[in-house]
Amino acid sequence: MQTLGIKPPPSGEDGGPGQDPGRGLFPLLVGVGVAVAGVGAILALSDSGSPLRGPFTLFFLLAAPASAVGAALRGLDPWPRALVSVAGAIAIDLLVAQGMLAVHRWSVTGGILAVTAISSLVLLLVTVRRQRRRTARRRA
């Protein structure tokens, strides 16, 4: 018969639930970011006169493409990934604006919809690619 003992937690850790104050902070911040970006898109599309329209819409225009590019770059370390994601978001926004100006179809609503469509398409492609990899692993 084998006796199993209880191992003490490693030094410096309590091991008790809820002891790490920063543990649940990241999902909370992500949720707040999604909410602010969504409100920004809604305010821009509804042509609201709110003073929060400008900052929230700018946050949406940076956060939506940055999250899509960041999802595609899972292999990078966190800081380079964040830097490349923000640079990619700015590039996507500038390319959308340049394309709309080139065809003489510039509008705020059109720009928001175009950035939303491109970001959604990139996220969809990343999701499909991951699903194909999982399926290939299961078959192998």
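Every value quoted in this text rests on a predicted model; they were computed, and no experiment measured them.

Visitor: Can you break down a positive patch on the surface residue by residue, with the values?
Guide: A cluster of like positive charges, contributed by Arg74, Arg129, Arg133, Arg134, Arg137 and Arg138, occupies part of the molecular surface. On the secondary structure map, Arg74 appears in the loop between helix H2 (53-72) and helix H3 (78-102). Among the residues examined, Arg74 registers a relative accessible area of 54% and is labelled exposed.

Visitor: For the nonpolar core, give the residues involved together with the corresponding values.
Guide: Ala37, Ala41, Ala44, Phe60, Ala64 and Ile112 together form the largest nonpolar core, which totals 6 residues. Looking at this core, the elements with two or more residues in it are helix H1 (25-45) and H2. Looking at which element gives the most residues to this core, the answer is H1, with 3 residues. Membership of the second largest hydrophobic core comes to 5 residues, among which are Val69, Ile92, Val96 and Met100.

Visitor: If you had to explain unusual backbone geometry to someone new, which residues and values would you point to?
Guide: With phi around 55°, Asp47 is a residue other than glycine that occupies positive phi space. Secondary-structure assignment places Asp47 in the loop between H1 and H2. One non-glycine residue, His104, adopts positive backbone phi at about 60°. In this structure, His104 sits in the loop between H3 and helix H4 (108-139). Residue classification places His104 among the exposed positions, given a relative accessible area of 71%.

Visitor: Any chance you could break down the packing of H3 against H4 for me, citing the residues and the numbers?
Guide: Running from N to C, H3 and H4 cross one another at 130°; their axes reach a closest spacing of 10 Å. Compared by their axis directions, H3 and H4 come out oblique. Seen from above, H3 lies across H4 with right-handed handedness. Along the contact surface, H3 presents Ile92, Asp93, Val96 and Met100, while H4 presents Gly110, Gly111, Ala114, Val115 and Ile118. By residue class, the composition of the contact of H3 with H4 is 6 nonpolar, 2 polar and 1 charged.

Visitor: Run through H2, naming residues and quoting values.
Guide: An ideal rise of 1.5 Å per residue puts 28 Å on 20 residues; H2 measures up with 29 Å between its terminal C-alpha atoms. Of the positions making up H2, those classed as buried are Thr57, Phe60, Ala64, Pro65, Ala66, Ala68, Val69, Gly70 and Ala71.

Visitor: Would you mind going over the side chain of Ser85 in detail, with residue names and values included?
Guide: Along the chain, Ser85 falls in helix H3. Judged by relative accessible area, Ser85 falls into the buried class, the value being 6%. In terms of polar contacts, Ser85 uses its side chain to reach the backbone carbonyl oxygen of Arg81, at 2.7 Å. Contact partners of Ser85, with chain neighbours within four places excluded, come to Ala66, Val69 and Gly70.

Visitor: Residue-level account of the side chain of Asp93, with values.
Guide: Its location among the elements puts Asp93 in helix H3. Apart from the residues lying within four places of it in its own chain, the contact partners of Asp93 are Leu61, Leu62, Pro65 and Val115.

Visitor: Before we move on, could you go through the pattern of salt bridges and cite the residues and values that matter?
Guide: Applying the stated rule across the entire model yields 1 salt bridge. The partner of Arg53 in a salt bridge is Asp47, with the nearest N and O atoms 3.3 Å apart.

Rules used throughout
- Residues numbered from 1 in each chain as written.
- Predicted model: local features only at pLDDT ≥ 70, side-chain atom pairs only at ≥ 80, totals over all residues.
- Heavy atoms only, no water.
- Patch = residues over 30% accessible without salt bridge, like charges linked within 9 Å, V, L, I, M, F, W, Y side chains within 5 Å.
- Areas by Shrake-Rupley, 256 points an atom, 1.4 Å probe, with all protein chains shown as cover.
- Salt bridge = Lys/Arg side-chain N within 4 Å of Asp/Glu carboxyl O.
- Lys, Arg positive; Asp, Glu negative; His and termini not counted.
- Charge placed at Lys NZ, Arg CZ, Asp CG, Glu CD.
- Helix = DSSP H or I, 4+ residues; strand = E, 2+ residues; numbered from the N terminus.
- Buried < 20%, exposed > 50% of the residue type's maximum accessible area, 1.4 Å probe, protein only.
- Core = buried A, V, L, I, M, F, W, Y, C linked by side-chain atoms within 4.5 Å.
- Axes fitted to C-alpha atoms, helices over the stretch in contact; angles between N-to-C directions.
- Parallel < 35°, antiparallel > 145°, perpendicular 65-115°, else oblique.
- Left-handed = near helix turned anticlockwise from the far one by under 90°.
- Contact = heavy atoms within 4.5 Å.
- Nonpolar A, V, L, I, M, F, W, Y, C, P; charged D, E, K, R; others polar.
- Expected span 1.5 Å × (residues − 1).
- Polar contact = N/O pair within 3.5 Å; in protein donor to acceptor, adjacent residues only side chain to side chain.

The values are spatial; any link to function lies outside them.
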